[in-house]
Amino acid sequence: MKWTGRRQSGNVSDKRLSGRMIGGVGGLIVVGLMLFGLFTGTDTSGLIDLAQTVGGTTQTETRELTAQEQRELDYVETIVADTEDVWNEIFLQNDMDYREPQLVLYRDSVQTESGSFASAAMGPFYMPSEETIYLDMSFFEQLRTEFGARVKTDVSAESGDFVVAYVIAHEVGHHVQKQLGIADAVAAKQATVGQTEANQLSVAMELQADFFAGVFAHEQQQILESGDIDAALNAAAVIGDDAIQRKTQGQVVPDSFTHGTSEQRAYWFNLGYQTGDINQGDTFKEVLGESLS
Ligand SMILES: [Zn+2]
């Protein structure tokens, strides 16, 4: 994706040089958390509680960002600004105000605004109570090495990997869900139903975040390069619940899905990309048989 020369967002904080976790105690617990935390939307609270038990010490590094880290920051700030432009415009068209989310870049671990302790092993996540996205760039290296996603992990001055934009746009999708009242409606409903239906609601939430990421991509067509959409579809596919379960358990248990299958994730991203129409994203009707009331 072409990225240089555009506006960069002021809503990004870089905490990569502070709050690093030292020591090996967390290692085993972190591995256990990893798969469940990938790309989660609303259901991170339990994970964060678990992560709090990991412990470790923090320290602040006094060095400057390396050139590569600075490029990553510039790239992320540009993507976040792109999402702001797209969603400000879409909300405006629908007579609504878009409240822009914050994004915190961190490394290894971070203490969130509300005091929770989160680990990079959880993958990128959105904290609805803080309206903040947390992102560790090492996630993309993990996508490549452990999940076989086609993602370039170094940001060059010419182009950055669109998978990074897809992942950020997915998390911004959760923020949009919060703005639209969808996240609260889902949480309220999840509290009244059994585990299977709660999981289905979670699947619908995740697929809709993928759909919103597709809508974002639709608006970015002028800066996309050949292969960008394929790379995002590939990333969506490799982190589908079925793909992850097959990889880790050797079998697939649909009732336990919380994010959607590879096929579903790629389908909804692509539908958003093709239509660019937020009204086409009723994943709840698709997954549960009825729209969210
Ligand atoms: Zn998500």
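Definitions and limits used
Residues numbered from 1 in each chain as written. Predicted model: local features only at pLDDT ≥ 70, side-chain atom pairs only at ≥ 80, totals over all residues. Heavy atoms only, no water. Helix = DSSP H or I, 4+ residues; strand = E, 2+ residues; numbered from the N terminus. Buried < 20%, exposed > 50% of the residue type's maximum accessible area, 1.4 Å probe, protein only. Contact = heavy atoms within 4.5 Å. Polar contact = N/O pair within 3.5 Å; in protein donor to acceptor, adjacent residues only side chain to side chain. Phe/Tyr/Trp six-rings, centres within 6.5 Å; stacked < 30°, edge-to-face > 60°. Axes fitted to C-alpha atoms, helices over the stretch in contact; angles between N-to-C directions. Parallel < 35°, antiparallel > 145°, perpendicular 65-115°, else oblique. Left-handed = near helix turned anticlockwise from the far one by under 90°. Nonpolar A, V, L, I, M, F, W, Y, C, P; charged D, E, K, R; others polar. Pairing = 2+ DSSP bridges. Salt bridge = Lys/Arg side-chain N within 4 Å of Asp/Glu carboxyl O. Expected span 1.5 Å × (residues − 1).

Visitor: Before we move on, can you summarise the environment of Val-155 with the specific residues and values?
Guide: Note on placement: Val-155 falls in the loop between helix 4 (138-147) and helix 5 (162-179). Look at Val-155 and you get buried, because its relative accessible area is 4%. With 81 residues separating them in the primary sequence, Val-155 and Asp-74 have C-alpha atoms 9.6 Å apart. Excluding its chain neighbours within four sequence positions, the residues that come into contact with Val-155 are Trp-3, Gln-68, Arg-71, Glu-72, Tyr-75 and Gly-160.

Visitor: Which residues make up the side chain of Asp-228, and what values do they have?
Guide: Following the sequence through the fold, Asp-228 ends up in helix 8 (residues 228-238). In this structure the side chain of Asp-228 is engaged in a polar contact, spanning 3.4 Å, whose partner is the backbone nitrogen of Met-1. Excluding residues that lie within four positions of it along the chain, Asp-228 makes contacts with Met-1 and Phe-162.

Visitor: Requested: an account of helix 8, with residues and values cited.
Guide: Residues spaced three or four apart along an α-helix point in a common direction, a consequence of the helix completing one turn every 3.6 residues. Extensive coverage of helix 8 is indicated by the burial of 8 of its 11 residues. Regarding helix 8, the residues found buried are Asp-228, Ile-229, Ala-231, Ala-232, Asn-234, Ala-235, Ala-236 and Val-238.

Visitor: Explain the packing of aromatic side chains residue by residue, including any values.
Guide: Here the structure, examined in full by the defined rule, presents 11 aromatic pairs. Centre to centre, the rings of Phe-139 and Phe-140 are 5.6 Å apart; their planes meet at 70°, and the pair counts as edge-to-face. The exposure classification of Phe-139 matches that of Phe-140, with both residues buried. On the basis of an interplanar angle of 90° and a centroid distance of 5.3 Å, the ring pair of Tyr-267 and Trp-268 is categorised as edge-to-face. The exposure class of Tyr-267 is partly exposed, given its relative accessible area of 44%. A relative accessible area of 4% means that Trp-268 is categorised as buried. Taken together, the aromatic side chains of Trp-87, Phe-91, Tyr-98, Phe-211, Phe-212, Tyr-267 and Trp-268 make up a single cluster linked through ring pairs.

Visitor: Summarise the packing of helix 6 (residues 182-190) against helix 7 (residues 195-219); cite the residues concerned and give the values.
Guide: Helix-helix packing: each pair is described by the crossing angle between the helix axes and the interaxial distance. Viewed as axis vectors pointing N to C, helix 6 and helix 7 meet at an angle of 165°, and their least axial separation amounts to 9 Å. Relative to helix 7, helix 6 is oriented roughly antiparallel. Classified by chirality, the crossing of helix 7 by helix 6 is left-handed. Residue-level inspection shows Ile-182, Ala-183, Val-186, Lys-189 and Gln-190 of helix 6 in contact with helix 7, the latter providing Glu-197, Ala-198, Leu-201, Ser-202, Met-205 and Gln-208. Residue composition of the contact of helix 6 with helix 7, grouped by class: 6 nonpolar, 3 polar and 2 charged.

Visitor: Any details on the sheet that holds strand 1 (residues 12-14)? Residues and values, ideally.
Guide: The sheet built from 4 strands is open, its strands ordered 1-2-6-5 with mixed pairing. The open sheet terminates on both sides in strands that have one partner only, identified here as strand 1 and strand 5 (125-127). Across the sheet, the mean angle from the axis of one strand to that of its neighbour is 25°, orientation sign disregarded. The pairing of strand 2 (residues 102-105) with strand 6 (residues 132-135) spans 4 bridges and is parallel. Each residue of the ladder has a partner; that of Val-104, found in strand 6, is Tyr-134. On top of the sheet, helix 3 (residues 67-93) reaches strand 1, strand 2 and strand 6; it is set at about 160° to strand 1, its chief contact.

Visitor: Let's hear about the pairing of strand 6: which residues, and what values?
Guide: Every second residue of strand 6 is oriented toward a common face, with Thr-132 and Tyr-134 on one face and Ile-133 and Leu-135 on the other, all of them buried. Where strand 5 meets strand 6, 3 bridges bridge the pair, whose relative direction is antiparallel. Within strand 6, the position partnered with Met-127 by the bridge is Thr-132. Adjacent in sequence and paired antiparallel, strand 5 and strand 6 are bridged by 4 residues, among which Glu-131 carries a positive phi angle near 50°.

Visitor: So what's going on with the pattern of salt bridges? Which residues, and what values?
Guide: Within this structure, the stated rule accounts for 12 salt bridges. Arg-16 is paired through a salt bridge with Glu-72; the nearest N and O atoms lie 2.7 Å apart. With a gap of 56 residues between them, Arg-16 in the loop between strand 1 and helix 1 (26-37) and Glu-72 in helix 3 connect regions that are remote in the sequence. The burial state of Arg-16 is the same as that of Glu-72; both residues are buried.

Visitor: If you had to explain the environment of Ser-156 to someone new, which residues and values would you point to?
Guide: Looking at where Ser-156 falls in the secondary structure, it is placed in the loop between helix 4 and helix 5. The spatial distance from the C-alpha of Ser-156 to the C-alpha of Lys-2 is 9.9 Å, given a sequence separation of 154 residues.

Visitor: Help me get a handle on the side chain of Arg-265, residues and values and all.
Guide: Summarising the element assignment, Arg-265 is placed in helix 10 (residues 262-275). Within the local environment of Arg-265, its side chain forms a polar contact with the side chain of Asp-210, the two groups lying 2.7 Å apart.

Visitor: Can you lay out helix 10 for me, pointing to particular residues and giving the numbers?
Guide: Between its first and last C-alpha, helix 10 extends 20 Å over 14 residues, near the 20 Å set by a 1.5 Å rise per residue. Within the sequence span of helix 10, burial applies to Ser-262, Arg-265, Ala-266, Trp-268, Phe-269, Leu-271, Gly-272 and Tyr-273. Taken from the residues just after helix 10, Gly-276 is the one with a positive phi, measuring 60°.

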